[in-house]
Amino acid sequence: TVEDYGDSIVSRLREIFAKAQATAYPTAPVFPVVVTETSNPKFGDYQCNSALGLSKLLKTVNINEAPPVVAKKIVAAVEKGDLIKELEVAGPGFINVHLQHDFIGAHVGSILTAGVSSPKITKRKAVVDFSAPNIAKEMHVGHLRSTIIGDSICRLLEFVGFDVARINHVGDWGTQFGMLVAHLQDTFPNYLVETPPIADLQSFYKESKQRFDADKTFKARAYECVVKLQNFDEDIVKGWKLICDVSRADFNRIYQRLDVTIIERGESFYQQRMIDVVAELDAAGVLKTEEGRRLMFPTDCTIPLTVVKSDGGFTYDTSDMATIKHRIFEEKADWLLYVVDAGQSLHLETIYAAARDLGYYTPEEKRVQHIGFGLVLGEDKKKFRTRAGDTVRLTELLDEGVKRSEEKLREKGRHEVLNEAELAAAKEAVAYGCIKYADLSHNRINDYVFSFDRMLDDRGNTAVYLLYCYARIRSIARNAGLTRKDLNEKLAAQNGVIQLKHEAEVRLGKQILKFADTLLLVLDTLLLNTLCEYVYTLSTVYTDFYGFCQVITKDKEGKIESIDYNRLALCEATADTMAACFKILGIRTLEKI
Ligand code: ARG
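Per chain, the residues get numbers from 1 upward, laid out in the order the sequence is written. With the structure being a predicted model, the display of local features is reserved for residues of pLDDT at least 70 and the display and counting of side-chain atom pairs for 80 or more, all residues being used for whole-chain, interface and lining totals.

Quick notes on the overall build of the chain
Item 1. What the chain contains, in helices and strands, is 21 helices and 16 strands.
Item 2. A principal-axis box enclosing the C-alpha atoms of the chain has dimensions of 85 × 75 × 40 Å.
Item 3. Exposed residues have 12 or fewer other C-beta atoms within 10 Å of their own C-beta, buried residues have 20 or more, and residues in between are partly exposed; the C-beta atoms are placed from the backbone. Here the chain, with 593 residues, has 41% of them falling under the buried criterion.
Item 4. When contacts within the chain are restricted to residue pairs at least 6 apart in sequence, long-range pairs at least 24 apart make up 72% of them. Secondary structure elements follow DSSP: runs of H or I no shorter than four residues count as helices, runs of E no shorter than two count as strands, and numbering proceeds from the N terminus. By definition, residue pairs are in contact when their C-beta atoms, positioned from the backbone, come within 7 Å.

Some remarks on the confidence of the model for the chain
Item 1. Per-residue confidence from the prediction method is given by pLDDT, with values spanning 0 to 100. Taken residue by residue, the chain gives an average pLDDT of 96. The fraction at 70 or more is 99%.
Item 2. Complex prediction metrics read pTM 0.96 and ipTM 0.99.

Observations concerning the site of the ligand
Item 1. Each residue gets a C-beta atom placed from its backbone. If that atom is within 6 Å of a molecule or strand, the residue is near it. Around the ligand sit D129, A132, N134, H169, G171, D320, T323, Y338 and V340, and that is every residue in its neighbourhood.
Item 2. Residues are grouped as follows: Ala, Val, Leu, Ile, Met, Phe, Trp, Tyr, Cys and Pro are nonpolar; Asp, Glu, Lys and Arg are charged; all remaining types, including Gly, are polar. Here the shell around the ligand is composed, by residue class, of 3 nonpolar, 4 polar and 2 charged.

Examining the sheet that holds strand 12 (residues 367-371)
Item 1. Strand pairing requires that DSSP identify at least two bridges connecting the strands. Pairing is parallel in the open sheet, where 5 strands are placed in the order 7-6-5-11-12. Each having just a single partner strand, strand 7 (263-264) and strand 12 make up the two edges of the open sheet.
Item 2. Pairing of strand 6 (residues 163-168) with strand 7, which is carried by 2 bridges, proceeds in the parallel orientation. Across the sheet, the residue bridging to N168 is E264, located in strand 7.
Item 3. Axis angles are defined between N-to-C directions and span 0 to 180 degrees, where every axis is a line fitted to C-alpha atoms and, for a helix, only to the segment in contact. The sheet contacts of helix 5 (residues 141-159) involve strand 5 (125-129), strand 6, strand 11 (335-339) and strand 12, and relative to strand 11 the element is tilted by about 155 degrees.

With respect to the UniProt feature "domain: Arginyl tRNA synthetase N-terminal" (unreviewed entry) in the chain
Item 1. UniProt positions are given in the numbering used here, feature names are shortened, and annotations may be inferred rather than shown by experiment. Taking the numbering used here, the UniProt-annotated feature "domain: Arginyl tRNA synthetase N-terminal" (unreviewed entry) corresponds to residues 11-99.
Item 2. Split by type, residues 11-99 is 38% helix and 21% strand. Its first and last C-alpha atoms lie 14 Å apart.

Notes on the nonpolar core
Item 1. Counting residues in hydrophobic clusters, the biggest one holds 162 residues, and the most contacted among them are I74, V128 and C434.
Item 2. Of the residues forming this core, the biggest block, 13 residues, is contributed by helix 21 (residues 565-585).
Item 3. Those residues within four positions of C434 in sequence are excluded, and the remaining contacts are G401, S405, M455, L456, T462, A463 and V464. Residues enter a nonpolar core if they are buried, belong to Ala, Val, Leu, Ile, Met, Phe, Trp, Tyr or Cys, and are joined to the set through C-beta atoms within 7 Å.

Considering the environment of A66
Item 1. Looking at where A66 falls in the secondary structure, it is placed in the loop between helix 2 (50-58) and helix 3 (67-77).
Item 2. Separated by 26 residues in sequence, A66 and P92 place their C-alpha atoms 8.9 Å apart.

Some remarks on the domain arrangement of the chain
Accessible area lost on assembly of the parts is the figure often given for the size of an interface.
Item 1. Domain annotation of the chain identifies domain 1 (9-99), domain 2 (125-168 + 266-371), domain 3 (175-262) and domain 4 (394-585).
Item 2. Note that domain bounds follow an automatic or database assignment of domains. Each of domain 1 and domain 3 has a C-alpha centre, and these two points are 65 Å apart.

Some words on the UniProt feature "domain: DALR anticodon binding" (unreviewed entry) in the chain
Item 1. As annotated in UniProt, the feature "domain: DALR anticodon binding" (unreviewed entry) corresponds to residues 466-593 in the numbering used here.
Item 2. Structurally, residues 466-593 comprises 67% helix and 5% strand, and the distance from its first C-alpha atom to its last is 11 Å.

Re the packing of helix 5 against helix 14 (residues 420-440)
Item 1. Axis separation between helix 5 and helix 14 bottoms out at 10 Å; the angle between their running directions is 85 degrees. One element, helix 5, and the other, helix 14, form an angle in the roughly perpendicular class. Contact residues: helix 5 offers R145, I148, I149 and S152, while helix 14 offers K436, D439 and L440.
Item 2. Of the residues belonging to the contact of helix 5 with helix 14, the class tally is 3 nonpolar, 1 polar and 3 charged. Orientation is classified from the angle alone, with under 35 degrees giving roughly parallel, over 145 giving roughly antiparallel, 65 to 115 giving roughly perpendicular, and any other angle giving oblique.

Overview of the sheet that holds strand 8 (residues 287-290)
Item 1. Pairing is antiparallel in the open sheet, where 3 strands are placed in the order 8-9-10. Looking at strand neighbours, the two that pair on one side only are strand 8 and strand 10 (305-308), the edges of this open sheet. Averaged over all neighbouring strand pairs, the angle between strand axes comes to 40 degrees, with direction disregarded.
Item 2. Note: strand 8 against strand 9 (residues 293-296), 4 bridges, orientation antiparallel. The partner of E290 across the bridge, within strand 9, is R293.
Item 3. In the packing of helix 10 (residues 271-284) onto the sheet, contacts are made with strand 8, strand 9 and strand 10, and the angle to strand 10 comes to roughly 110 degrees.

Observations regarding helix 5
Item 1. With 19 residues, helix 5 extends 27 Å from end C-alpha to end C-alpha; this agrees with the ideal 27 Å at 1.5 Å per step.
Item 2. Within helix 5, 15 of the 19 residues are buried, which leaves the element mostly enclosed by the surrounding structure.
Item 3. Backbone geometry just downstream of helix 5 places G161 in the positive-phi region, at approximately 95 degrees. Multiply 1.5 Å by the residue count of a helix minus one, and that product is the helix's expected span.

Some details on unusual backbone geometry
Peptide bonds are mostly trans, and most non-glycine residues show a negative phi.
Item 1. Phi angles above zero are rare outside glycine, and N62 is one such case at about 60 degrees.
Item 2. Relative to the helices and strands, N62 is located in the loop between helix 2 and helix 3.
Item 3. One non-glycine residue, F232, lies in positive phi territory at about 60 degrees.
Item 4. Turning to its location among the elements, F232 is positioned in the loop between helix 8 (216-230) and helix 9 (234-257).
Item 5. Given 12 C-beta atoms within a 10 Å radius, F232 is considered exposed.

Observations concerning the pairing of strand 11
Item 1. With 5 of 5 residues buried, strand 11 lies mostly within the body of the structure.
Item 2. By the bridge criterion, 5 bridges tie strand 11 to strand 12 in an arrangement that is parallel. Directly across from V339, in strand 12, lies its bridge partner I371.
Item 3. With the strands aimed away from the viewer, a crossover counts as right-handed if its path from the first strand over the helix to the second runs clockwise. The parallel pair strand 11 and strand 12, bridged by helix 12 (residues 345-357), forms a crossover whose chirality is right-handed.

So, in structure tokens, the structure goes:
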């Protein structure tokens, strides 16, 4: 679990109750405090459930008290501070917690003056392995999922102050590159002096593969090229680089469109380290030879790792062993996250087991985790493909998203309200935002159905709905002609503490307050759908509030009569909190849409 102790209400309550438990029962062994949010406002805002367990534990120190009695004693010992308004014991010994409205109001006010704060947790170094397409092959929807989820995880870790290495473990090494370079030599003999115009690397790959399978002399040359490549032969490396450049340019265009930054560090980076790690394994005596292959059998694993093939070459296993070692000992990472499709779980778990066997890390000191995800399905619930049955090209997918989002905006008549630049910004923000949000708002473990119609619907839990909501909130202060500075000056007289009176105001304030605890939860599970649910709930709670509570009163001519500054502050704090969520989800915001 990730600790915190800044804005997390759950953590603060835990501390308060731990102290109260110790005061009420000084002789009792330490008992963990359980604090949860309540689902029903009848039971207050939060609930402490430890009296039940504590009552049992107290028997070991000869105190026989029923849970409701224990709960009452804990309540009597609680120091309420500025946080707690009221406590009550309910049912079999639950303690219901009601928060002070002024505490919530002060928190909302602090967002206006100091910005949305993140939970304060120990700074860690994280390596996040995501995207990782393969050179000379098309980046497919699986890589898109990895890109979207991985980028968002990085954004989350950066938001809470981690030092994050965003690593693109591209497939840029291995036998197929011998074949590609040999084919390059034949088709573009001038490649050393003139950059070959490879327009379609996919077909180039197919051609070379055909020759590789059909032509023995070509196959032999391809193998020679691999050996030369692995020995860093200058001309061969040059050919390999040219091929990588073509793919890289394609990948980068996609990253740019999606606002994703990532550092390329492909499998080739580990060539020397693979040699070293195999030598290390050999020296450690953990390798077995079977039919010429060198295998390692990690503890409790169903499959071995093949670290050297019978032809002497390295494998995906070898590169991931070198990689994990590099991340632990050279990068000195505390968290190693691998955002890779769930189909590779066995491979990664075997790598982690091997690394533990070798003493590279213990689960107590490092978080090494496969962040798996399911498949992208078409609306027919089958693997996502084009009508013709081909894999969908990402560039075309993004283009279609932009086209469709523009159509939607025009359907709603937005082109009459927005100028050209605003419309252009809106169509991209909506398209990319929707694609990302559709992915992130589903539990990543499951498969999810890709549907432009659903993700571009402006009702329901979609990015468009949220972006409209956000823009509407921002327009309130703008239309009132009030800057943030003006607003803060108005609120200075009440020390920046927002007054919460109407029930809907209180509810909105409480939802804003839950941001830090939501982030802590997501840091634990790395399930971003929880953050999506949070921001969606925030927008629905806001919509309720806006229905009940007039912010700006206008006369018959539409002239502003009065402004409720407390409510306007709530609006702005809501929008700021939504913007922080969007930032973590990698969604561009729009002031106008
Ligand atoms: N290139 C691989 C693929 O397309 C993913 C690599 C994931 N990262 C890793 N360290 N194995 O399936």
